[in-house]
2 protein chains.
Amino acid sequence: MNYRELMQKKNVRPYVLMARFGLEKENQRSTREGLLATTEHPTVFGNRSYHPYIQTDFSETQLELITPVANSGTEMLRFLDAIHDVARRSIPEDEMLWPLSMPPQLPTKDEEIKIAKLDQYDAVLYRRYLAKEYGKRKQMVSGIHFNFEYDQALIQQLYDEQSEVTDCKQFKTKVYMKVARNFLRYRWLITYLFGASPVSEDRYFRVYDDQPQEPVRSIRNSTYGYRNHDNVKVSYASLERYLEDIHRMVENGLLSEEKEFYAPVRLRGGKQMSDLPKTGIRYIELRNLDLNPFSRLGIVEDTVDFLHYFMLYLLWTDEKEEADEWVKTGDIFNEQVALGHPHETIKLIAEGDRIFSEMIDMLDALGIRKGKEVVGKYYQQLRNPQDTVSGKMWTIIQENSNSELGNIFGNQYQSMAFERPYQLAGFREMELSTQIFLFDAIQKGLEIEILDEQEQFLKLQHGEHIEYVKNANMTSKDNYVVPLIMENKTVTKKILSAAGFHVPGGEEFSSFIEAQEAHLRYANKAFVVKPKSTNYGLGITIFKEGASLEDFTEALRIAFKEDTAVLIEEFLPGTEYRFFVLDNDVKAIMLRVPANVTGDGKHTVEELVAAKNSDPLRGTNHRAPLELIQLNDLEKLMLKEQGLTIYSVPEKEQIVYLRENSNVSTGGDSIDMTDVIDDSYKQIAIEAVAALGAKICGIDLIIPDKDVKGTRDSLTYGIIEANFNPAMHMHVYPYAGQGRRLTMDVLKLLYPEVVQ
Amino acid sequence: MNYRELMQKKNVRPYVLMARFGLEKENQRSTREGLLATTEHPTVFGNRSYHPYIQTDFSETQLELITPVANSGTEMLRFLDAIHDVARRSIPEDEMLWPLSMPPQLPTKDEEIKIAKLDQYDAVLYRRYLAKEYGKRKQMVSGIHFNFEYDQALIQQLYDEQSEVTDCKQFKTKVYMKVARNFLRYRWLITYLFGASPVSEDRYFRVYDDQPQEPVRSIRNSTYGYRNHDNVKVSYASLERYLEDIHRMVENGLLSEEKEFYAPVRLRGGKQMSDLPKTGIRYIELRNLDLNPFSRLGIVEDTVDFLHYFMLYLLWTDEKEEADEWVKTGDIFNEQVALGHPHETIKLIAEGDRIFSEMIDMLDALGIRKGKEVVGKYYQQLRNPQDTVSGKMWTIIQENSNSELGNIFGNQYQSMAFERPYQLAGFREMELSTQIFLFDAIQKGLEIEILDEQEQFLKLQHGEHIEYVKNANMTSKDNYVVPLIMENKTVTKKILSAAGFHVPGGEEFSSFIEAQEAHLRYANKAFVVKPKSTNYGLGITIFKEGASLEDFTEALRIAFKEDTAVLIEEFLPGTEYRFFVLDNDVKAIMLRVPANVTGDGKHTVEELVAAKNSDPLRGTNHRAPLELIQLNDLEKLMLKEQGLTIYSVPEKEQIVYLRENSNVSTGGDSIDMTDVIDDSYKQIAIEAVAALGAKICGIDLIIPDKDVKGTRDSLTYGIIEANFNPAMHMHVYPYAGQGRRLTMDVLKLLYPEVVQ
């Protein structure tokens, strides 16, 4: 089969870069000082029996972070980034993820290395067997398993262009067998470029162990790493031979079960190796990547891209020896490279040159221009071993120590995760509430899929239970008419009023003349004229002490400019509070205060604003829970009205307001009042939301005096508005008062079986 | 109490016209030839035990049409109009509503006059008692009961301006007692203007009955109408006296129960007369209006307006005698006028002059300019008895006969109700689907309230069960994420595809460059380029046989003009069918065919179009189930491409298309295919809608060959789109094929306890 020719066919080329990616990455949890953690797997992650993203591997301290399958390396890495953010912010405060493949210094006694406390007894038994057979310490090494699948469309196009094989599944298996053999043959290059386990800590090797001459490129990828015993030998000549060999060794007791067979590459079909004859090979798992300590994710995007092109190259390039020989040569080369000194030039330069130049030829032939930069960059490292990962590590270790290297980077990544704790790495372009919601969903082990990123459209899954969520709280728990009701102020008021709640009295007009005739009924009242569908306060006029016919008419003119229908509404005096009601419970109450600073008798308004703006909770464009306070024309005008400028120095405790409106989006403060407001008002809010039929609702109450108890049929309150997609981030991270994790409440509503 | 002064107060005047209105109207059902109907109350109206709008009165043939309470006369009349439309289109085809107060010719035998077959046995017993006590024939007369309530705000303002009475409820009762006495005193004017029962048919009076000298103005409002026996006398001096008198007569056996007391005015509080001491008088029921045969509703808007001003006048004008005397004088005057010849001038001209000129003074004093025209018009009739209703009737009866009068108008109104059977009188400004939906809701006896007319927002109620409905099929039965899913084509496709349905393959791009790079994958396929959120087909390019890079790039440019995200989608060949799925059942399937005419070898295209457009199903602006076919530039271009002009004469059976697109909104034909499409496709549609979680959905399937059975995992079909607010009117009234009453299906989904 001439794959090189097939790959260049006109019908194949458009699909050649299409692939699917997935990644599993282990990390030991350590203290911030670099000692193996002694705590159990954090309960905040829920149950390990189903968690799709955060698991434990061999030991209780060994986190395994798992990405979902992605259609690009970039997509895979963003998930990995998010999962890291969740893991780092969820482990105990005095812990971190140990960033090296080689474990931190291990306890003297083996029994202090705790095997992962899994629910499934057979999984525990298997780990006990491994501990006994290979020693606990070798199982403490961490690495990355990289799953790669050629897109089915690519396989199909390749299959269609050839005639040797007449079954597409067989063809696919043939493709992966070739690629696996080539991978084993050429994997020394991966070890060379990305090997990252040069030295071991004290007590890693037992005194009687045979030990490598450290430093090396990769202890983990050498025979000193976790390997099957020498008598385990498997042929990659065909899938049949491969399966037969493994089967025989299990029968003969050389392996306890199929999965004990450990190799740098694993052929994947179904869940078990025993599914392979039925499923054929569906994808391939590369197991020889060490953790790159120079990335907070243990791997960088260039590496992922290089691996992608490398996988194409393994398909492209012909084998030059019979299968078993070919693989055996690869093993020898890999061992040479793995155990070489990180700063020494390798002996395989010539083969390296050939691989890289063939890769570049391939990229040219397939028109993959953007690949040449990455491949070129790694080509440069062929003759510059100090630029490889292990090379750079050794430079640092020489001057400091391996444990310091681990400590410095581990702590740095841990701090980075808390710089903007309300954001979720990888998803920073999404709305803040959705970022927080995704954080919680990942933490609790719900499978997530971003159906539409711009539209904040998510799919969640747990077992068979699927939920779709938009904008973090638009869910299946509300019925369709509920948002339609809330969208319509007149309808909302009619329903609330019919249910006996106090809403501002008023009338709707679609005729200017008829609206004007209503003047006499409002001349001496406090009232508001507003367009029926108002946004951002446009077209609203407030008359706090009645209005002349002239002013009234002018207000109507302004309102009718915005809409064909206008509301004239009684003005309710008092303070407005946002009640966040979920599932018949008030989960949060918020007071919004206009942008302001408090004087200290020393600093100018400008300086006070700058100081207040330095709060990491403040940002721009709704990607932070609070917005920066501006000092533009409106704010300056507001200052002027108070006889101030931005250079004035307000007295100690003097509160200076910079805005009249209380919107958080114009620099206002959000103040949690959940525990301050009397239960009587909470009851009113709950009942009003129930009258509207809503499960999730932000309802705004005007309360003239919060120290007076509220009663449903009184003027102690008035309901202004109900919102069907109320902002949540401002409650989770308020300016003052306690944060309320509303996103978790929504998850609990959707998945009571998962979130308690 | 000087009401005249109170009403002119500054704080009262803005509220003086505010009032609430309601109306009950009886009609005998007759054959189209004018004989009393012999059929039972139509079962299509559901159950009389709760129907709020359509009931039976005394006899099984006597429909009682009841409006809900309205805030204006106009609002009340629109409901009355709608209820009439429903009644007329629901009774048997060979029946009509007899338009006269006096019944059509009655059967010889009393037993052929059937008492209404009500569920409540006591209601039947009461009717049997009335039949025995007063005779069945007098109970067969029909009329209008007009309910009137001064708005609570008006009562409150009046109350606030006085100091005589210190309880607002008592004040209100006092107001209504005065108005009731004045009404009884001056009601002769109503009898004069609106009396409409001049003659009786044979057999109405029994031979031994005392009979009036016909013609008169109003048999019904004279002592020859249905009246209590002479010994029943009640004082209106105060509510207490009134209740005492009635109570005593029941005790003495002169009345069987309170409600047997029959008077031209009834004081209303709660449901029973016995509630009045507790509730006070809340509104007043005027019972002396005959049916006006010159209106399809039995009453015209001017009459309603006049009654409104008359009610204000009765409050305005002082009483001039002691209560009982005052009422007695009124009875005498009324009898005089009722039994007068319809063409003769009355003796009460002087009092008439006084009433009318005082009314006009009042309108001036209160600034009600628009009232003067109506009052002026009726003033003119004071000296022109031939212009009154009875006057006009007598003119016709003289030349024809009373039964012909009833026949002609009854038949005319019946025909009018069928001119546009898809519309609902009173609600013609609403969307057609909502009009049909309202028709069905009224027919089945669901209480309806229009919460927002422009927004098609309805409230339905049956007992305690409330449902809100927008645009006729946006209901509580769908959950909130369902429409959000369908709004988003990418998300819809992802979900359907994940569930194993065939959707057009494709990709979404928000980068122009990346989209362009996809060219190779589509160069040789049939595909579509379209903006992600497309409306009205803007920005879409279809390539049926692949595209060059230039054409592809141009198509991208066009699409990116409309949206920031663009879809490239496989083009599925075949015919598109709309499946309307409701509650896991395909209720209708529709094929839409582009605007076309079929030649006859004689007429020009222009003539054929005109002929096709004469179908009453065709209209404009979505207020008819089909739109008129246009002959504008696009259509002429389409003709030109076929070598035709609008003056060409197509051959017999030749189909000439005038449009490429199949939208009904551009003159396309809607063809019902529900019984034609194989069940296998229905099953696919049902399962796809279930995968989307929807209860109500219009899902569009492309089917290449409908004669081949469809299977879910095949290319026998492709799902193009799912719609959460699918049009219903086109299915109810298709161009060809059977209509499907989808509105009734929606009602059944919402109210299974009412609609079977």
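Per UniProt, chain A is named Glutathione biosynthesis bifunctional protein GshAB, and its organism is Enterococcus faecalis. According to its UniProt record, chain A has this under Function: "Synthesizes glutathione from L-glutamate and L-cysteine via gamma-L-glutamyl-L-cysteine." In the Sequence similarities part of its UniProt record, chain A is described as follows: "In the N-terminal section; belongs to the glutamate--cysteine ligase type 1 family. Type 2 subfamily."

Notes on the pairing of strand β10 (residues 465–470) of chain A
Residue and element names in this part refer to chain A. Where strand β9 (residues 457–462) and β10 come together, 6 bridges link them in antiparallel fashion. Bridge pairing links leucine 460 to glutamate 467 in β10. Adjacent in sequence and paired antiparallel, β9 and β10 are bridged by 2 residues, among which glycine 463 carries a positive phi angle near 60°.

Some thoughts on the sheet that holds strand β9 (residues 457–462) of chain B
With antiparallel pairing, the 3 strands of this open sheet are ordered in space as β8-β9-β10 (chain B). Looking at strand neighbours, the two that pair on one side only are β8 (447–452) and β10 (465–470) of chain B, the edges of this open sheet. Pairwise comparison of adjacent strand axes, ignoring direction, gives a mean angle of 20° for this sheet. Against the sheet, helix α18 (residues 489–498) of chain A touches β8, β9 and β10 of chain B, its axis set at about 135° to β8 of chain B.

A look at the interface of chain B and chain A
At the interface, 37 residues of chain B touch 37 residues of chain A. Between chain B and chain A, roughly 3,300 Å² of surface is buried when both sides are summed, and carbon and sulfur atoms account for 62% of that area. Among the residues chain B hides against chain A, the three largest losses belong to Tyr468, Tyr480 and Arg521 of chain B. Together they make up 20% of the total. Counting across the chain B and chain A interface gives 2 salt bridges. Linking lysine 532 of chain A and aspartate 452 of chain B is a salt bridge whose minimum nitrogen-to-oxygen distance equals 2.1 Å. Connecting chain B to chain A are 10 residue pairs in polar contact (both at pLDDT 80 or more). Where the side of chain B that touches chain A is concerned, the elements lending two or more residues are β8, β10, α17 (481–487), α18 (489–498) and α20 (519–522) of chain B. Looking at the side of chain B that touches chain A, its residues break down into 18 nonpolar, 8 polar and 11 charged.

Focus on the relation of the copies chain B and chain A
Once turned by 180° and shifted 0.1 Å along the axis, chain B lies on chain A with an RMSD of 0.1 Å. What we have between these two chains is a two-fold relation. Comparing contact sets, 100% of the residues at the interface of chain B also lie at the interface in chain A, consistent with an isologous, same-surface contact.

Concerning unusual backbone geometry
Residues and elements named next belong to chain A. For the peptide bond that leads from glutamate 214 to proline 215, omega is 5°, which places it in the cis range. A positive phi angle, near 55°, is found at glutamine 456, a position not held by glycine. In this structure, glutamine 456 sits in the loop between β8 (447–452) and β9. A relative accessible area of 6% places glutamine 456 in the buried class.

What about the domain arrangement of chain A?
Quite often, the size of an interface is put as the accessible area lost when its parts meet. Under the domain assignment used here, chain A contains domain 1 (1–226 + 261–415), domain 2 (227–260), domain 3 (504–568) and domain 4 (598–658). Each of domain 1 of chain A and domain 3 of chain A has a C-alpha centre, and the two are 68 Å apart.

Here's the deal with the packing of aromatic side chains
Per the counting criterion, the structure on display carries 56 aromatic pairs over all chains. Pairing phenylalanine 512 of chain A with phenylalanine 560 of chain A gives two aromatic rings, centres 5.7 Å apart and planes at 50°, and the pair type is tilted. With phenylalanine 512 of chain A in helix α19 (residues 512–517) and phenylalanine 560 of chain A in helix α21 (residues 549–562), the pair connects residues that are 48 residues apart, well separated along the chain. The partly exposed category is assigned to phenylalanine 512 of chain A, whose relative accessible area is 27%. Aromatic side chains tyrosine 134 of chain B and tyrosine 226 of chain B sit 5.2 Å apart centroid to centroid with 70° between the ring planes, which places their arrangement in the edge-to-face category. Taken together, the positions of tyrosine 134 of chain B in helix α3 (residues 121–134) and tyrosine 226 of chain B in the loop between α7 (188–194) and α8 (239–251) put the pair 92 residues apart, joining distant regions of the chain. Each of the two residues, tyrosine 134 of chain B as well as tyrosine 226 of chain B, counts as buried.

Comments concerning the side chain of arginine 29 of chain B
As for its placement among the helices and strands, arginine 29 of chain B is situated in strand β1 (residues 19–31). Within the local environment of arginine 29 of chain B, its side chain forms a polar contact with the side chain of threonine 39 of chain B, the two groups lying 2.6 Å apart.

Brief notes about the UniProt feature "binding site: Mn(2+) 2" in chain A
All names here are of chain A. Per the UniProt annotation, the sites labelled "binding site: Mn(2+) 2" are Glu721 and Asn723. Mapped onto the elements of the fold, glutamate 721 is located in strand β23 (residues 718–723). Since its relative accessible area comes to 31%, glutamate 721 is described here as partly exposed. The contacts of glutamate 721, once residues within four sequence positions are left out, are Lys489, Gly698, Ile699 and Asp700. In this structure, asparagine 723 sits in strand β23. With a relative accessible area of 18%, asparagine 723 lands in the buried category. Once you skip the residues sitting within four places of it in the chain, asparagine 723 turns out to touch Met486, Arg578, Cys697, Gly698 and Asp700.

What about the sheet that holds strand β13 (residues 541–543) of chain A?
Residue and element names in this part refer to chain A. If you trace the 4 strands from one edge of the open sheet to the other, you get β11-β14-β12-β13, paired in antiparallel fashion. Taken across any chain shown, the strands that pair with only one partner, and hence form the sheet edges, are β11 (506–509) and β13. Strand after strand, the sheet turns through a mean of 15° between neighbouring axes, direction not considered. Bridging between strand β12 (residues 527–531) and strand β14 (residues 566–570) involves 5 bridges; their strand directions are antiparallel. Bridging across to β14, phenylalanine 527 finds its partner in glutamate 570. Sheet contacts for α18: β11, β12 and β14; angle to β14, the most-contacted strand, approximately 40°. In the packing of α21 onto the sheet, the strands contacted are β11, β12, β13 and β14, and the crossing angle to β12 comes to about 30°.

Remarks on the confidence of the model for chain A
Looking at chain A, the pLDDT average stands at 94 and 99% of residues meet or exceed 70. Interface confidence for the predicted complex, expressed as ipTM, amounts to 0.90; the pTM equals 0.92.

Thresholds, definitions, all that
Counting of residues starts from 1 at the beginning of each chain's written sequence and follows it residue by residue. Starting at A for chains and at 1 for ligands, labels are handed out in the order in which the entities are written. Only residues with pLDDT of at least 70 are given local features in this predicted model, and only at 80 or more are side-chain atom pairs given and counted; all residues enter the totals for whole chains, interfaces and linings. In computing side-chain values, all of the structure's heavy atoms are included and hydrogens and water are not. UniProt positions are given in the numbering used here, feature names are shortened, and annotations may be inferred rather than shown by experiment. In this scheme, strands are said to pair when DSSP sees at least two bridges between them. Under the DSSP-based scheme used, a helix requires at least four consecutive residues in state H or I and a strand at least two consecutive residues in state E, with every element numbered from the N terminus. Structural elements are reduced to axes, namely lines fitted to C-alpha atoms, with helices fitted over the stretch in contact, and the angle between N-to-C directions of any two is expressed from 0 to 180 degrees. Two residues qualify as a contact provided that any one of their heavy atoms is within 4.5 Å of a heavy atom in the partner residue. Here the quantity called buried area is the total loss of accessible area, with a 1.4 Å probe, experienced by two parts when brought into contact, counted for both. Any Lys or Arg side-chain nitrogen located within 4 Å of an Asp or Glu carboxyl oxygen qualifies as a salt bridge. Pairs of N or O atoms are called polar contacts if they sit within 3.5 Å, as long as, within protein, a hydrogen donor faces a hydrogen acceptor (for residues adjacent in sequence, only side-chain-to-side-chain pairs). In this count, Pro and Cys sit with the nonpolar residues alongside Ala, Val, Leu, Ile, Met, Phe, Trp and Tyr, while Asp, Glu, Lys and Arg are called charged and the others, Gly among them, polar. When the copies are overlaid, the least-squares fit takes in C-alpha atoms only where the residue has pLDDT of at least 70 in both copies. Relative accessible area decides the class of each residue, using a 1.4 Å probe on protein chains only: under 20% of the type maximum gives buried, over 50% gives exposed, and in between gives partly exposed. A domain assignment, automatic or from a database, supplies the domain bounds used here. Only Phe, Tyr and Trp rings are paired, with Trp represented by its six-membered ring, and only when their centres lie within 6.5 Å; those with planes under 30 degrees apart are stacked, over 60 edge-to-face, the remainder tilted. By definition, pLDDT measures how confident the predictor is in each residue, and it falls between 0 and 100.

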